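Chain and residue survey
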Amino acid sequence: MKRLVVALTAIAAFTAPALAADMAAKAPMRAAPVAYAPSWTGFWISGGFGYGMAQYQHSENNIAAPFALVSTGQDAGGKGWLAKVGVGGDYQFAGPYGNWVVGVFADADWSNISGQYSINTLGVPGAVIGASNITGSFRNDYSWAIGGRIGYVALPGLLTYFNGGYTQAHFEGSSFFNSNVPAAPLATGISLGSHTRSGYFLGGGTEYAVSQLPGLFWKNEVRFSDFGNKTHTLVCTSGVGCGVGNVLTQTSRVYEQKATTELVYRFNWGGPVVAKY
């Protein structure tokens, strides 16, 4: 009996490793879970702040015939902060073009982009008594834009894009002062009313996923806007030193560059999707 037990033990000792190896070879192999990047298709809202710089190009003509050019080729700069909100929607292509995204959007900002400029009035007989230069100001207090964009998903959770479209900006009115006496400028009674300018914009930027909060993205963008030429009439409203009525016509053009940073919330973003087996 003892010999039988010893023999069975020896057989088990030699066959168990082989049996275990054979079972392991026959067991099905399981692939590791694969994480998929979610789609950029869906709607979003955004909000943030930024900084803007403006270039104000202007020239003035006498209001009376022969409409002599009074002041020409002058540029003035402006700058200021802004707050911005936006809304939009994107669509990500499938298949071989799956890294490409297109979208539409609208946004608005409230700003304090402002500066000062001077006008030479030597060629305006009787327009401004005792003033060879008058100084005014400009201020873009709000604007809005609507446009489209095309982007490329460079990495999961990172979108780079270019955009463009139509934009409109509002500029506050300005009163002009006699700048011959810088220490104590005197009101001339001349003013330029508030007005709206229209133009186009081009820009580009990036959106990056905030991994700790699914659906939240950090967007950084730079935008250039050209508001084109526009002609206005400078009017003397007070009758002090300039006589009541029209004084000059001003043709001006405004360019703006804005850099903004925003937080974006995407309603369809749920973070990486892991395949299940």
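The structure this text deals with has already been given above.
**Re the overall build of the chain**
In terms of helices and strands, the chain carries 1 helix and 12 strands. Taken over 277 residues, the chain has a buried fraction of 39%. A sequence separation of at least 24 residues applies to 73% of the contacts in the chain between residues at least 6 apart. When the accessible surface of the chain is split by element, carbon and sulfur atoms take 67% of a total near 15300 Å².

**A short note on the pairing of strand β9 (residues 195-209)**
Relative to β9, strand β6 (residues 158-171) runs antiparallel, the two sharing 14 bridges. The residue bridging Gly164 from the neighbouring strand is Leu202, located in β9. Bridge analysis of β9 against strand β10 (residues 216-236) gives 10 bridges, and the strand direction is antiparallel. Pairing of Phe201 across the sheet is with Ser225, part of β10. With antiparallel pairing between neighbouring strands as the criterion, β9 and β10 make up a hairpin whose turn holds 6 residues, including Gly215 at a positive phi of roughly 95 degrees.

**Side note on the pattern of salt bridges**
Taken as a whole and assessed by the stated rule, the structure comprises 14 salt bridges. Close ionic contact of Arg223 with Asp107 constitutes a salt bridge, the shortest N to O distance being 2.9 Å. With Arg223 in strand β10 and Asp107 in strand β4 (residues 100-120), this residue pair connects regions lying 116 residues apart in the sequence. The residue Lys258 makes a salt bridge to Asp109 at a minimum N-O spacing of 2.8 Å. Here Asp109 lies in strand β4 and Lys258 lies in strand β11 (residues 245-266), a separation of 149 residues in the sequence. Look at Lys258 and you get buried, because its relative accessible area is 10%. Linked through salt bridges whose partners overlap, the residues forming this network are Lys84, Asp107, Lys219, Glu221, Arg223 and Glu262.

**Regarding empty space enclosed by the protein**
Enumeration according to the criterion identifies 2 cavities of 30 Å³ or more in this entry. The calculated volume of the largest cavity comes to roughly 100 Å³. Forming the boundary of the largest cavity are 13 residues, of which Lys84, Asp107, Asp109, Arg223 and Lys258 lie nearest the centre. Only β3 (69-92), β4, β5 (133-155), β10 and β11 provide two or more residues apiece to the lining of the largest cavity. The computed volume of the second largest cavity comes to approximately 60 Å³. For the second largest cavity, the lining is made up of 14 residues, of which Trp44, Phe105, Asp107, Lys219 and Glu221 are closest to its centre. Broken down by secondary-structure element, the contributors of at least two residues to the lining of the second largest cavity are β2 (42-62), β3, β4, β6 and β10. Residue classes in the lining of the second largest cavity are distributed as 5 nonpolar, 3 polar and 6 charged.

**Side note on the nonpolar core**
By size, the foremost hydrophobic cluster in this structure holds 19 residues, and its most contacted members are Tyr56, Tyr117, Ile119, Phe138, Phe176 and Leu234. Only β2, β3, β4, β5, β6, β8 (186-192), β10 and β11 provide two or more residues apiece to this core. With 11 residues, the next largest nonpolar core counts Trp40, Phe105, Phe201 and Ala209 among its residues.

Cut-offs applied
- Residues numbered from 1 in each chain as written.
- Predicted model: local features only at pLDDT ≥ 70, side-chain atom pairs only at ≥ 80, totals over all residues.
- Heavy atoms only, no water.
- Helix = DSSP H or I, 4+ residues; strand = E, 2+ residues; numbered from the N terminus.
- Buried < 20%, exposed > 50% of the residue type's maximum accessible area, 1.4 Å probe, protein only.
- Contact = heavy atoms within 4.5 Å.
- Areas by Shrake-Rupley, 256 points an atom, 1.4 Å probe, with all protein chains shown as cover.
- Pairing = 2+ DSSP bridges.
- Salt bridge = Lys/Arg side-chain N within 4 Å of Asp/Glu carboxyl O.
- 1 Å grid on protein atoms, 1.4 Å probe; cavity = no way out; pocket = protein on both sides within 12 Å on 5 of 7 lines; lining within 4 Å.
- Points joined across faces, edges and corners; volume = space filled by probe spheres on them.
- Nonpolar A, V, L, I, M, F, W, Y, C, P; charged D, E, K, R; others polar.
- Core = buried A, V, L, I, M, F, W, Y, C linked by side-chain atoms within 4.5 Å.

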